[in-house]
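So you can see what is in the structure, the chains are spelled out below.
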Amino acid sequence: MSRSRAVQAVLLASLAVLVTACGGGPDGAGGTSQAPGAPASGIPDTTAIVQGVQKDAQLNAALPANVKQAGVLHLASNLQSAPNNFYAADGKTPIGYEVDLAKAIAAKLGVSVTHQDMAFGSLITSLQSGRIDLTMAGMNDTKARQAQIDFVDYFTSGITIMTRKGNPDGITGPDALCGKNVAVVQGTSHQKFAATQSTKCTQAGKPAVNVTATDSDNQNQNQLRTGRVAAILNDLPSAVYISRTAGDGKFFEVVPGEPIEGGPYGIGVNKQDKPLTDSVQKALQALIADGTYGKILQAWGVDQGAIKEAAVNGGS
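If you're wondering where the values come from, they're calculated on a predicted model, not measured in any experiment.

### Focus on the overall build of the chain
Link 1 in the chain: Regarding its fold elements, the chain presents 11 helices and 13 strands.
Link 2 in the chain: Counting only contacts in the chain whose residues sit at least 6 apart along the sequence, the fraction spanning at least 24 positions is 74%.
Link 3 in the chain: With an accessible surface of roughly 12600 Å², the chain has 49% of that area assigned to carbon and sulfur atoms.

### Points about the pattern of salt bridges
Side chains that carry opposite charge are capable of pairing whenever their charged atoms lie near each other.
Link 1 in the chain: Evaluation of the coordinates by the stated rule reveals six salt bridges.
Link 2 in the chain: Between Arg 164 and Asp 169 there is a salt bridge; the shortest N-O distance is 3.4 Å.
Link 3 in the chain: In this structure Arg 164 comes out as partly exposed when scored by relative accessible area, which is 25%.
Link 4 in the chain: Ionic pairing is found between Asp 175 and Lys 200, a salt bridge with its closest N-O pair at 3.6 Å. Pair noted here: Asp 175 is in the loop between β8 (149–164) and β9 (181–185) and Lys 200 is in helix α7 (residues 189–203), with a separation of 25 residues, a long-range link.
Link 5 in the chain: Judged by its relative accessible area of 44%, Asp 175 falls in the partly exposed class.
Link 6 in the chain: Overall, Lys 200 belongs to the partly exposed group, its relative accessible area being 46%.

### Thoughts on the state of the cysteines
Link 1 in the chain: Throughout the structure, instances matching the rule amount to one disulfide.
Link 2 in the chain: The disulfide bridge from Cys 178 ends at Cys 201, spanning 2.0 Å between sulfur atoms. One quick way to see it: the torsion about the S-S bond of Cys 178 and Cys 201 is about -80°, and its sign makes the bridge left-handed. Here the residue Cys 178 occupies a position in the loop between β8 and β9, and Cys 201 occupies one in helix α7, the gap between them amounting to 23 residues.

### Things to note about helix α8 (residues 217–225)
Link 1 in the chain: Among all positions in α8, only Asp 217, Asn 220, Gln 221, Gln 223 and Leu 224 are buried. Viewed end-on, α8 has its buried residues packed into an arc of 160°, placing them on one side of the element.
Link 2 in the chain: Just downstream of α8, Gly 227 is the residue with a positive phi angle, here 80°.

### Some details on the packing of aromatic side chains
In this description, an aromatic ring pair is defined by two values, namely the gap between the centres and the angle between the planes.
Link 1 in the chain: In this structure the tally under the stated criterion is six aromatic pairs.
Link 2 in the chain: With 6.2 Å between their ring centres and 55° between their planes, Tyr 154 and Tyr 265 make a pair best called tilted. Taken together, the residues Tyr 154 in strand β8 and Tyr 265 in strand β13 (residues 260–270) connect sequence positions 111 residues apart. Each member of the pair, Tyr 154 as well as Tyr 265, carries the same accessibility label: buried.
Link 3 in the chain: Judged by centre distance (6.1 Å) and plane angle (75°), the ring pair of Phe 251 and Phe 252 falls under edge-to-face.
Link 4 in the chain: Of the residues examined, Phe 251 reaches a relative accessible area of 21% and is grouped as partly exposed.

### So, unusual backbone geometry
Link 1 in the chain: With omega at 5°, the peptide bond leading from Ala 82 into Pro 83 counts as cis.
Link 2 in the chain: Residue placement: Pro 83 occurs in the loop between β3 (72–77) and β4 (86–87).
Link 3 in the chain: Not every positive phi belongs to a glycine, and Asn 167 is a case in point at roughly 45°.
Link 4 in the chain: Checked against the element boundaries, Asn 167 lands in the loop between β8 and β9.
Link 5 in the chain: Accessibility expressed as a relative area gives 17% for Asn 167, which makes it buried.

### Comments concerning the nonpolar core
Link 1 in the chain: Core analysis: the largest hydrophobic core is formed by 53 residues, its most contacted members being Leu 73, Tyr 97 and Tyr 154.
Link 2 in the chain: Among the secondary structure elements, those contributing two or more residues to this core are β3, α4 (97–109), β8, α9 (236–245), β12 (252–254), β13, α10 (274–290) and α11 (292–300).
Link 3 in the chain: Ranked by residues supplied to this core, first place goes to α4 with seven residues.
Link 4 in the chain: Counting 17 residues, the second-largest nonpolar core is a separate cluster that includes Ala 176, Phe 193, Ala 230 and Val 255.

### Description of the pairing of β8
Consecutive side chains along a regular strand alternate between the two faces of the sheet.
Link 1 in the chain: Summarising burial for β8: 14 of the 16 residues are buried, a large majority.
Link 2 in the chain: In terms of strand pairing, β8 meets β13 through nine bridges, oriented antiparallel. By the bridge assignment, Phe 155 is partnered in β13 with Tyr 265.
Link 3 in the chain: Of the strand pairs in this sheet, β8 and strand β11 (residues 231–235) are connected by four bridges, and their pairing is antiparallel. Bridging from a neighbouring strand, Met 162 pairs with Ile 232 of β11.

### Topic: the environment of Lys 274
Link 1 in the chain: Residue position: Lys 274 is located in helix α10.
Link 2 in the chain: For Lys 274 and Pro 64, which are 210 residues apart along the polypeptide, the C-alpha to C-alpha distance reads 9.2 Å.

### Notes on the confidence of the model for the chain
Link 1 in the chain: Taken residue by residue, the chain gives an average pLDDT of 87. The fraction at 70 or more is 87%.
Link 2 in the chain: Note that pLDDT drops below 50 for residues 1–40; the model gives that stretch 147 contacts with residues more than four away or on any other chain.

What counts and how
Residue indices begin from 1 for each chain and proceed along its sequence in written order. Under the rules for a predicted model, residues below a pLDDT of 70 receive no local features and side-chain atom pairs below 80 are neither given nor counted, while totals for whole chains, interfaces and linings still include all residues. To obtain the side-chain values, all non-hydrogen atoms of the structure were used and water was disregarded. In DSSP terms, a helix is any run of H or I states spanning at least four residues, a strand is any run of E spanning at least two, and both are numbered starting from the N terminus. It only takes one pair of heavy atoms within 4.5 Å for two residues to be counted as in contact. Surface exposure here means Shrake-Rupley accessible area, sampled with a 1.4 Å probe, where a residue is shielded only by the protein chains that are shown. By definition here, a salt bridge exists when the distance from a side-chain nitrogen of Lys or Arg to a carboxyl oxygen of Asp or Glu is within 4 Å. Using a 1.4 Å probe on the protein chains alone, a residue whose accessible area is under 20% of its type maximum counts as buried, one over 50% counts as exposed, and one in between counts as partly exposed. Disulfide assignment relies on a single distance test, namely cysteine sulfur atoms paired within 2.5 Å. Working definition: the arc comes from the directions between the helix axis and the C-beta atoms, pointing outward to the latter. Pairing of aromatic rings covers Phe, Tyr and Trp, the last through its six-membered ring, and needs centres within 6.5 Å; plane angles under 30 degrees mean stacked, over 60 mean edge-to-face, and all others mean tilted. Residues belong to a common nonpolar core when they are buried Ala, Val, Leu, Ile, Met, Phe, Trp, Tyr or Cys residues joined through side-chain atoms within 4.5 Å. One bridge is not enough; two strands pair if DSSP finds at least two bridges between them. Within a predicted model, pLDDT stands for the predictor's per-residue confidence, ranging from 0 to 100.

Written as structure tokens, this is what we have:
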């Protein structure tokens, strides 16, 4: 999925966590960003899950010699994207479901992992230059990016419908948006989808979707809270995190179901480093098989985006 929302949403700190919803453009990272020092409301304790991962001796033996000798994977992220990857309340500790997955993959391989914070636009070039071993930053696995780096897919994101807590308008999916007021951010893939859905509604003899396009998610969330709209469209991780944290989880909820127009996020690996790609893929697949992967996503509330197979370059 092409995520194209601007980084603009701000939830009132007195009511919830200070976050900014972001979908980014073709080079954007999904999720929401949390300011350093913001409250840790809604943050799960996944320590036991990650520490429970056991080293696989065969996978460790198959690691590239430089990684095995160093005993560490150098991973870069744009640490501003809750719940993907962001800073804890101390402003320096990386947390998020991607951070947990990276730690679990490293543990399965029998090494450790370090997180480096850098601009999203620098991730691919840093990987190509050998400054880092991996990237994991809510990056869409696309054919265009596959020409530059390889990906091990670990998550499926897409458009998600968010409603007021209790879902008073009975929104069960895209078809339930017919005749409803729906808010989107101007110029995004969400706006495009809403327009397409509206046409689908009218072609089926149903009322059109009444789409309101604004400049930010903050405006949309205010409209949803006050009942001026029945739903807003957002990316899956962002919607889940906002629903869990805004008003301590009392303001919004996410409509269950598969992400709409979903596409994979991928762990980036240098195209010249095929053995590392293979090692990461096998480690992630082992975590999927033993249930660790699912436990991590469930703890963060994003299990709607779970995959069954860790494909290599599975994006389109």
